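Structural overview for review
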Amino acid sequence: MFNIDKYKEILGFIEKSNKNCKIVAISKNHPRESVVDAINAGVFIFGENRVIEAQKKFADLKKKFDQIELHLTGPLQSNKVKLATTIFDIFHTLDREKIAKEFSKYKHNLQNKKIYIQVNTGEEKTKSGIHPKQLSEFLNFCKEDMELQIKGLMCIPPISEDPKIHFKIISDLAKKNNLSELSIGMSDDYELAIEFNPTYIRLGTILFGRRM
């Protein structure tokens, strides 16, 4: 069940903070019925982590509601890139050259769509993403060699560390590399993320409850 009261409360918090960020309602692992509840309440920006799940859940809904903006917020496998470019509108998790090369094959599907590079700000071995020191080189590869339109950066801070440290790191990296958009902040830390003027915050549990 989608929590529309909490959604409106967070919208109010964003407005009071004089920020202009949008909420991505992370619907992964939640039933289609919960998505429909959210749509009926006027919510049209959703995030999914798996390509096939997203296709099953949103293919008909996107035809019915052309306002829907679907975000890929999970890791992307190379063999799913072609399909993903036909389903999703915004990609938050470009994290390696192999995926950039696959994206470049389907640029005709990516017109007017946005791609964010995932940065591993904590340089965690168990987490995907480009390390901060490698970002400029990777960004140049994406833009110049692969001719991809990179709009911004995304990160997921380490669980055991102050998220503000990592929001500051990625904010500085974006400015250094002339990128204007950030995808930061989740259910537990969105209030801190909003201080850094994100384009999107990604909220799942706080809106949909615990995953199935």
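In the block above lies the structure referred to throughout.
Residues numbered from 1 in each chain as written. Predicted model: local features only at pLDDT ≥ 70, side-chain atom pairs only at ≥ 80, totals over all residues. Heavy atoms only, no water.

This part is about the packing of helix H2 (residues 32-40) against helix H3 (residues 51-64). With their axes 10 Å apart at the nearest point, H2 and H3 run at an angle of 30° to one another. For the element pair H2 and H3, the recorded crossing hand is right-handed. Between H2, through Arg32, Val35, Val36 and Ile39, and H3, the contact on the second element is made entirely by Lys57, Phe58, Asp60 and Leu61. Its residues placed into classes, the contact of H2 with H3 shows five nonpolar, no polar and three charged. (Axes fitted to C-alpha atoms, helices over the stretch in contact; angles between N-to-C directions. Helix = DSSP H or I, 4+ residues; strand = E, 2+ residues; numbered from the N terminus. Left-handed = near helix turned anticlockwise from the far one by under 90°. Contact = heavy atoms within 4.5 Å. Nonpolar A, V, L, I, M, F, W, Y, C, P; charged D, E, K, R; others polar.)

Now for the pairing of strand E3 (residues 69-72). Burial along E3 is two-sided: Glu69 and His71 and Leu70 and Leu72, pointing in opposite directions, are all buried. Both strand E2 (residues 45-48) and E3 contribute to a ladder of four bridges, which runs parallel. Directly across from Phe46, in E3, lies its bridge partner Leu70. Since E2 and E3 lie parallel, the crossover through H3 that links them has a hand, and here it is right-handed. Relative to strand E4 (residues 90-94), E3 is paired through two bridges, and the arrangement is parallel. Paired with His71 across the bridge in E4 is Ile90. (Buried < 20%, exposed > 50% of the residue type's maximum accessible area, 1.4 Å probe, protein only. Pairing = 2+ DSSP bridges. Right-handed = clockwise from strand over helix to strand, strands pointing away.)

This part covers H3. The end-to-end C-alpha separation of H3 is 19 Å, in line with the 20 Å expected for 14 residues at 1.5 Å each. The principal kink in H3, of about 45°, is found at Phe58. Here H3 has its buried residues at Val51, Glu53, Ala54, Lys57, Phe58 and Leu61. Its buried side turned inward, H3 meets H2, E2, E3 and helix H4 (81-87). (Expected span 1.5 Å × (residues − 1). Bend = angle between axes of the 7 residues up to and from the residue.)

Before going further, it helps to spend a moment on the pairing of strand E6 (residues 150-154). Most of E6 is tucked away, with four of its five residues classed as buried. Inspection of the sheet shows strand E5 (residues 114-118) paired to E6 by four bridges, in the parallel sense. The partner of Tyr116 across the bridge, within E6, is Gly152. Viewed along the sheet, the connection from E6 through helix H7 (residues 163-176) into strand E7 (residues 181-183) turns out right-handed.

Take the pattern of salt bridges next. A complete count under the given rule lists 13 salt bridges for this structure. When the shortest N-O distance is used, the salt bridge between Asp95 and Arg96 registers 2.8 Å. Between Lys168 and Asp172 there is a salt bridge, with the nearest N and O atoms lying 2.7 Å from each other. Highlighted residues: Lys168 and Asp172, both in helix H7, separated by four residues, approximately one helical turn. Relative accessible area serves as the criterion here: at 43%, Lys168 is assigned to the partly exposed category. (Salt bridge = Lys/Arg side-chain N within 4 Å of Asp/Glu carboxyl O.)

Comment: phi is negative for the bulk of residues other than glycine, and the bulk of peptide bonds are trans. Positive phi outside glycine occurs at Asn112, with the angle close to 65°. Position of Asn112 relative to the elements: it lies in the loop between helix H5 (97-105) and E5.

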